[in-house]
2 protein chains.
Amino acid sequence: MAGDGTDQRALQYEQTLMYGRYTQELGVYAKEEAARLRESGQRRSVSERSRNLDLLEYDKGRCAKCRICTVRCQKFLISRVGEDWIFLILLGLVMALVSWVVDFCIAICLQAQKWMYGGLDSNVFLQYLAWVTYPVVLITFSAGFTQILAPQAVGSGIPEMKTILRGVVLKEYLTFKTFVAKVIGLTCALGSGMPLGKEGPFVHIASLCAALLSKFMSLFGGIYENESRNIEMLAAACAVGVGCCFAAPIGGVLFSIEVTSTFFAVRNYWRGFFAATFSAFIFRVLAVWNKDEETITALFKTNFRLDFPFDLQELPAFAVIGIASGFGGALFVYLNRLIVQFIRNQKAINKFLMKKRLLYPALVTLLVSTLTFPPGFGQFMAGKLTQKEALVTLLDNHTWAKQGIAEEFDFIGNAQAWKHPQVNVFVTLVLFIVMKFWMSALATTIPVPCGAFMPVFVIGAAFGRLVGESMAAWFPDGIHSDGTIYTIVPGGYAVVGAAALSGAVTHTVSTSVIVFELTGQISHILPVMIAVILANAVAQSLQPSLYDSIIRIKKLPYLPELGWGHHEKYNIRVEDIMVRDVRYITLNCCYRDLHNVLLTGHLKTLALVESAESMILLGSIERAQLQSLLSQQLGRPRRLEFIRDRAAAEKKRTSVISNSISEEENRRASQEVRFQISTEESSFSPTRPVPQKPLKPALKRSSVVERPTEIPPNSNDNSGIALKNLFCASPEMEGLEKNNNVECPTSPELRKPSKRVRISVVEPPAILKSFFGDDGDVEDDMTIREIAEWEENQLDEQVNFNNCKIDPAPFQLVERTSLHKTHTIFSLLGLDHAYVTSIGRLIGVVSLKELRKAIEGSVTVKGVKVRPPLASFRDSGTSSSENEATELHKLWDRHKSMSLPREPTSSESEEKSQ
Amino acid sequence: MAGDGTDQRALQYEQTLMYGRYTQELGVYAKEEAARLRESGQRRSVSERSRNLDLLEYDKGRCAKCRICTVRCQKFLISRVGEDWIFLILLGLVMALVSWVVDFCIAICLQAQKWMYGGLDSNVFLQYLAWVTYPVVLITFSAGFTQILAPQAVGSGIPEMKTILRGVVLKEYLTFKTFVAKVIGLTCALGSGMPLGKEGPFVHIASLCAALLSKFMSLFGGIYENESRNIEMLAAACAVGVGCCFAAPIGGVLFSIEVTSTFFAVRNYWRGFFAATFSAFIFRVLAVWNKDEETITALFKTNFRLDFPFDLQELPAFAVIGIASGFGGALFVYLNRLIVQFIRNQKAINKFLMKKRLLYPALVTLLVSTLTFPPGFGQFMAGKLTQKEALVTLLDNHTWAKQGIAEEFDFIGNAQAWKHPQVNVFVTLVLFIVMKFWMSALATTIPVPCGAFMPVFVIGAAFGRLVGESMAAWFPDGIHSDGTIYTIVPGGYAVVGAAALSGAVTHTVSTSVIVFELTGQISHILPVMIAVILANAVAQSLQPSLYDSIIRIKKLPYLPELGWGHHEKYNIRVEDIMVRDVRYITLNCCYRDLHNVLLTGHLKTLALVESAESMILLGSIERAQLQSLLSQQLGRPRRLEFIRDRAAAEKKRTSVISNSISEEENRRASQEVRFQISTEESSFSPTRPVPQKPLKPALKRSSVVERPTEIPPNSNDNSGIALKNLFCASPEMEGLEKNNNVECPTSPELRKPSKRVRISVVEPPAILKSFFGDDGDVEDDMTIREIAEWEENQLDEQVNFNNCKIDPAPFQLVERTSLHKTHTIFSLLGLDHAYVTSIGRLIGVVSLKELRKAIEGSVTVKGVKVRPPLASFRDSGTSSSENEATELHKLWDRHKSMSLPREPTSSESEEKSQ
């Protein structure tokens, strides 16, 4: 018996060898083919070159040297165009121009409004009409224009950029249409004088600009098609956006890092600095050139005293500003979300507004501009000042409320707007803060391109000013005890307040740097830093940042940050949160398994394991790949071929009498058919190139764009019954996707599968017909029952993964990796799922969804929160390593059982005898 | 035959099952054991708790409530101590105090020198002696003290911190001894007045402080033992170091990020800001408290005009400063490295200096202080000014060289040092720059704790001042054309120069922020940014940064950065640089293979594959684990047992007549022995706990500390011949390690294997003897030949990986991953090697060494540089996916051959018939 076994094995070995040879031959063939193609390519390029030389030879008489020179120069230029710094300079230049032009247009718009309002001062009603109509028209136009051209341009853009920089492809957010819509929409929206900002949209515009510039530059060199380079450039573009908006290069870089990145590559640092500095420089030079300024200075230059900027005893007041700003910032984010959710949830309102999309912006604008009408309520809240003017006055060097000498109250220029004959300046400031607060929160929900940074900044400055004026009124001679009088500078408080509130809303520390760059003074560095840090501490413990809040509202696929006090995250392990019931396919599975897996699951990728027993992870395959495999197997050409074969067999049967077909042989036949097909395919590929996508690397971005080509060309063929089941399942799948778009972050693209399939169907049959000349000969005379039967048979065949793109190294984690580390890895590498393995064996999978749940504290967290105390009981050594040993044993025994076959009974008896 | 095959398979399956059961039982046993232990632990804690309650019950009469309250408070406090912000505040506080005390001591030292020098003004020779002796004594003391207490404290510390934050454990760099040595050594070194800085050392001191504080805090809570948290805290500590050194929180954070990190976690950002701000605040408050300052202001406050800081037309001059500083910075780094290498390479000098270690510092100090002796050459280079005074005068608001009104030349206070009756101020400045340049480069090579930032900063300021004074002399009425005269401010140029040169030397952009915070003015932001970026661009293309240069000199295990123009890196793939000849062990290998692999290779970890044919990667095993496996197999206890068994068999043989032993049975016997041992071991573990280390996660830090316990307890037993071979190979291995310490970053620990082994040998025999009561009965009567024979037999056994710690998910890459991405992943995750796989199959390995070679452009790069043009020919689709398909085929056929045995001939004939 042992001898028989050996023979058997030897035969198997031979068989393996043969197959090995067979596939090797295929491989050799492919290599030869590739070599041939390469060679011919080289030959072609050589011949081209020689032709060029001939041409040169021919032209020798004239100016051959000149030509050679120009060709070389051209080549040199093209190679140089690939350099990063040229791209960055271009980007900075373009963005500075855009920023300046937008600012210029906004200024003109605002001047026009003032002129209209000023010219009609004879009649208050006409004045009111002019004051109100102008912004309503502008905002409505902006909303309508954006809606029609590119709805993606609505809003800030920072949340989307955050998502894109995390590695999720939102292609439609980076198109030329969006660029145009964003720029024009933003100009009109800000020109209306509503409390909106340009900073968020500028981040988006800069990214758009970088993406478009990349596309344009790719005409010259190949570097621009590299994806990871483009991501790096987008990160730099975000810095440019903030930098050229505020002329704040350092603050811009830092703000964009804080707002868009989770992990920042320090090697990218210089890109941001370089581009942002250049952009800010050009932006300010344009102002000098336009005679707005004498030289390059800060945008909102202050002039506080340098020798004694503030007293140490004033620090508690700054701390109070910080803490209050923290609460205020959280409130702002909450209010903003509340308004959006209220309008969404009130179905009646929602329905009405959805019908008349431009009504909501118009109504909001009407409300806001009515309230700021200067002769009306606006007189109590400096309504006639534009945002910029208000900021300048708030940062003013002078003290407004000098106690005792109230008459000498010196308001210069625009600052007079804060003065009201009947009402105290404190009341004006309080009213301004309260009104602007809800107005800004409301205005940022309008569907136009707009940011919330600047309005919040102004509110913060007003709050700081309020505290500062109070302090000045309280201590008219300053707090300093030793002789010299240092009066309190309320402008300094305004600076602190502005930084603190904007820091609280955006959850950033770098607003402090922006403030220094905006004001051109850094003397208040410590108060600003303290206030900003306190504001952040308070705000972060209460609410997500404004951008994260929008991400949640928009349900963008993003991973939340680990918060301030996240030390319990170190004790949760992947095994606590992973999904143990992994969908997988085995190497030797049949098409039926594939079909079932595709029907039941809805994951974007599926794990490929060696076998269900060993569970050794070999790689992962995209769902679309499997679908195309299945459709190839069940498709019409395959069936026609079967009919042809059957006809041939029929013919053969008439001449040769066949024996009864055993099941064994039947199986073999099916296998043979498979091979036939694989060869057919290989002879098939040169003419109709199968979408030969390069191997996906281990750390890949989701590639939505390439999807359409992978959709099976013959998927809704009338015969594919099993296939139809599969595709009919897709609406259901779509619903699932909507609920958790983690697993399919590419849902917008996938949501219209029927459409895509329909498109792709038109062509292939024609192609196939032209290819198989004999296709017309075979009649599709199968009945539906026959088809079903045929398909059943087809489904029993083993899957041939030859033409399937497999990701050979999907990301793997160990079950004992901490949640903290998992979060780090996911956000570092931009993963959306990772397999959990133990000595090569697949034991679970973690996706963004599980991770998000565990971090945010929804369902799973209950389970998770119980873990940490238990976790301390977990002896880190025993159970798991034992487990591991067991697994290893199994594997090892599996091997041994194959390599060392022996009689178990004898060894057992010997063991007993011992 | 087919039937036989099925039977065979069924038997094999049963066999597998049995083994499965067997190991499962082991697993169950272990779990039960663990549960028992856990339960008893719980019971114990419960009983403790009840005892506590009893105590409380007992005390009820007195103040039970009070006690309960205090206990609760204590618990609350202890839980709070775990919060990050408490740690950060403590760290900031301690560092501010340290910084202030160090500054205070340095000031006293410098004053003392001045006082001595001033008091002896009657005699120039005595004056000279005092001027020279004082620094020589201080530096010599500093060098000697550091050398004796902790040689790790020498130098800046930033390169080491960079390495540590990359994930390499350099334990001895974070001890209390190092802390003391660094602080005292630094104080003395700076007190000597040599051109040295405190900034680099302060980064190290802050990290030391954080590490020690962590250790201290871990007495209260468990969080402090978490490694990734400690790394985060170290990153924050680096920011604190710079922050409290310059009172520059923002610049500190940014500088520390640029200098120490490759990828920065934005979530860590607030930590750095929080701690650095607090630290800077306390540092400045201490100055106010000490009446040095009236309020909190900048360290080197400037007072430039705000309204017109500089003219647009001055920008070219700033750009020139930037470019020149770039060259200067590169030259400085080169000079510094040249000096070190010169002293190293001159063997005679080196030998002499190694003997008299304190001679070199003394000589250098003598040279430098002689040259700065104020009545001597020092009068031409403001020699009597300390570094701080020099910087203050250089940043001065006034113009020194007013053309035409040279008599009115107003030097106030210290600035008079720059004035020389015979010599022009330009000459003084040039001399200062030139002399200080080489002096600083030389002084930073002295083996004392010292940094180079501050000297470079001062030189940069002097250079800027030089340019500024030249400009002022050239355009006495300023450049501005429109009416008003705005004179040129040379102080502004000094600021720009300081930022540019220090930026060039350190390759950072954030020096600009440090400059603003140091001077308290941000008005020159654009010139500074432009100059710093230009300086960086020039310097980075010429030389590595000073810290990277030191890393290379010290040969620390670090991965170089990708430079500015690294776009060709996108085209190089891992397959171009990977090592294809991977050392691996198979699951069913025998001990001989293990032995051979350990003898030939010298890698820290080895890959574990399923079998040599399939090459499916299952995990990786550390070298030490394998060594301990091997030594267990060949160790004395194992042999004694064998002797015992032999004796038992002898006895048995006398009663039962044995048949001839076939090879088959022989094999079985050996296997049986193995199992016997594995059970013995499991019964063995409860009393003498085998070092049960937790499973290593996929992304691990190298854990040097745990190594000693893994060294086999009986390794230099007189019997282990094969083992001796192995350990004798270790010196050789050590040599290899020295050459490339990438593979063994833990070399300092590993370099004394003989010592460790000797220590570990003393105990085990005793333990073992006490454990095996019958050990004394068995006499070790084997001859050396018998032992060799026995070992030969032992080596033929299959390896049992049961008690071996396997990393089940080592990092994997795909062969087509670009160099750029590989670099990113390596630096992100702190890897030192990664396996290259293709559908689960191991095809290569990439370690830091290969990566470094490819990036830096040594040997491999030649090969690499040829690739990119070739790379374009590589069709991304065909060859590799074909290859992949072939591999898959093989795997799949292997499966099929096992699951579907059939006659190959028939199918072949059928194929032919078709």
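For clarity, every value in this text was computed on a predicted model and none was experimentally measured. (Residues numbered from 1 in each chain as written. Chains lettered and ligands numbered in written order. Predicted model: local features only at pLDDT ≥ 70, side-chain atom pairs only at ≥ 80, totals over all residues. Heavy atoms only, no water.)

Section: the sheet that holds strand β8 (residues 841–847) of chain A
The strands that make up a sheet pair up through hydrogen bonds in the backbone, lying either parallel or antiparallel. Residues and elements named next belong to chain A. If you walk across this open sheet you meet the three strands as β6-β7-β8, and the pairing is mixed. Both edges of this open sheet fall to β6 (812–813) and β8, since each of them pairs with a single strand only. Here β6 runs beside strand β7 (residues 833–838); their pairing, made up of two bridges, is parallel. Bridge pairing in β7 links L813 to V836. (Pairing = 2+ DSSP bridges. Helix = DSSP H or I, 4+ residues; strand = E, 2+ residues; numbered from the N terminus.)

Some details on the side chain of K162 of chain B
Residue and element names in this part refer to chain B. Take K162: it is sitting in helix α5 (residues 158–165). Within polar-contact distance, the side chain of K162 engages the side chain of D548 at 2.9 Å. Apart from residues no more than four positions distant in its own chain, K162 is found in contact with V259, T260, D548, I551 and Y558. (Polar contact = N/O pair within 3.5 Å; in protein donor to acceptor, adjacent residues only side chain to side chain. Contact = heavy atoms within 4.5 Å.)

Examining the sheet that holds strand β6 (residues 812–813) of chain B
An order of β6-β7-β8 (chain B) is seen for the three strands of this open sheet, with the pairing classed as mixed. Two strands in the sheet have a free side with no partner beyond their single neighbour: β6 and β8 (841–847) of chain B.

Notes on the packing of helix α9 (residues 249–260) of chain A against helix α18 (residues 511–519) of chain A
All names here are of chain A. Orientation of α9 relative to α18, taken along the N-to-C sense of each, is 160°, at an axis distance of 8 Å. Regarding the angle of α9 to α18, the classification is roughly antiparallel. For the pair α9 and α18, the sense of crossing is left-handed. Contacts from P249, I250, G251, G252, L254 and F255 in α9 reach T511, V513, I514 and E517 in α18. Residues that form the contact of α9 with α18 fall into these classes: six nonpolar, three polar and one charged. (Axes fitted to C-alpha atoms, helices over the stretch in contact; angles between N-to-C directions. Parallel < 35°, antiparallel > 145°, perpendicular 65-115°, else oblique. Left-handed = near helix turned anticlockwise from the far one by under 90°. Nonpolar A, V, L, I, M, F, W, Y, C, P; charged D, E, K, R; others polar.)

Focus: the pairing of strand β3 (residues 605–609) of chain A
Residue and element names in this part refer to chain A. For β3, a buried count of five out of five residues is recorded, marking the element as mostly surrounded by other parts of the structure. Here β3 shows no split at all, with T605, A607 and V609 on one side and L606 and L608 on the other all buried. Across five bridges, the pairing between β3 and strand β4 (residues 617–622) is antiparallel. Pairing of V609 across the sheet is with L617, part of β4. (Buried < 20%, exposed > 50% of the residue type's maximum accessible area, 1.4 Å probe, protein only.)

A few points about a nonpolar patch on the surface
Residues and elements named next belong to chain B. A grouping of F352, L359, L363 and L366 is seen on the molecular surface, where their side chains present a nonpolar patch of about 330 Å² in accessible area. Of note, L366 is situated in helix α13 (residues 359–372). Of the residues examined, L366 reaches a relative accessible area of 35% and is grouped as partly exposed. (Patch = residues over 30% accessible without salt bridge, like charges linked within 9 Å, V, L, I, M, F, W, Y side chains within 5 Å. Areas by Shrake-Rupley, 256 points an atom, 1.4 Å probe, with all protein chains shown as cover. Salt bridge = Lys/Arg side-chain N within 4 Å of Asp/Glu carboxyl O.)

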